[in-house]
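Residues per chain are reported as follows:
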Amino acid sequence: MSGHWEPIVMQVWDTVVTPCDCCGQVVARRQWVVELEEGERRFCGPDCEQLYRSYVVPARAAAPGASGASKG
Ligand SMILES: [Zn+2]
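The following refers to the structure shown. Only a predicted model underlies this, so the values are computations on that prediction, with no experimental measurement involved.

Below, the discussion takes up the overall build of the protein chain. When its secondary structure is counted, the protein chain shows one helix and five strands. In the protein chain, the succession of helices and strands from N to C terminus is β-β-β-β-β-α. Looking at the protein chain as a whole, 15% of its 72 residues qualify as buried.

Written as structure tokens, this is what we have:
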């Protein structure tokens, strides 16, 4: 597990919410932050990280237009 928990500090004037990059659920108190090849991603928990890694990342890699897909 490469991620870590980060607390979310909501300011009164801050209207920006942080949805999970996997399921879209809004994270209110803390977020699971993971460094992926594509950059930093935020999830509602490690479960969503696993789901994201096993589902979203391979799907993107297999998508047409992705460079270097034929490299082994
Ligand atoms: Zn989630």
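Below, the discussion takes up the environment of arginine 53. Mapped onto the fold, arginine 53 is located in helix 1 (residues 46-62). Separated by 31 residues in sequence, arginine 53 and cysteine 22 place their C-alpha atoms 9.4 Å apart.

Grouped together as the largest cluster of nonpolar side chains are seven residues: Cys20, Cys22, Trp32, Val34, Phe43, Cys44 and Cys48. Those residues within four positions of cysteine 48 in sequence are excluded, and the remaining contacts are Cys20, Cys22, Cys23 and Phe43.

Strand order in this open sheet of three strands is 1-4-5, and the pairing throughout is antiparallel. Whereas interior strands pair on both sides, the edge strands pair on one side only; in this sheet they are strand 1 (4-7) and strand 5 (39-43). Averaged over all pairs of adjacent strands, the angle between strand axes in this sheet comes to 40°, irrespective of strand direction. As defined by bridge partners, strand 4 (residues 30-36) adjoins strand 5 across five bridges and the pair is classed as antiparallel. Considered in strand 5, the bridge of leucine 36 is made with glycine 39.

With that settled, the discussion passes to the pairing of strand 4. Each regular strand displays side chains that alternate between the two surfaces of the sheet. Pairing geometry for strand 1 and strand 4, over four bridges, is antiparallel. In the strand pairing of strand 4, histidine 4 is matched with valine 33.

Parameters and conventions
- Every chain is numbered on its own, with residues counted from 1 as its sequence reads.
- Where local features are concerned, this predicted model is filtered to residues with pLDDT of at least 70; where side-chain atom pairs are given and counted, the filter is 80 or more; whole-chain, interface and lining totals use all residues.
- Runs of H or I in DSSP of at least four residues are treated as helices and runs of E of at least two as strands, each being numbered from the N terminus.
- For the exposure call, what matters is how many other C-beta atoms sit within 10 Å of a residue's own: 20 or more marks it buried, 12 or fewer exposed, and in between partly exposed, using C-beta atoms placed from the backbone.
- Structurally, a nonpolar core is described as a collection of buried Ala, Val, Leu, Ile, Met, Phe, Trp, Tyr and Cys residues joined by way of C-beta atoms within 7 Å.
- Note on contacts: each residue gets a C-beta atom placed from the backbone, and two residues are in contact if those atoms are within 7 Å.
- By definition, two strands form a pair when at least two bridges between them are found by DSSP.
- What counts as an axis is a line fitted to C-alpha atoms, over the stretch in contact for a helix, and the angles between N-to-C directions run from 0 to 180 degrees.

Read these as layout, nothing more, since geometry by itself doesn't imply function.
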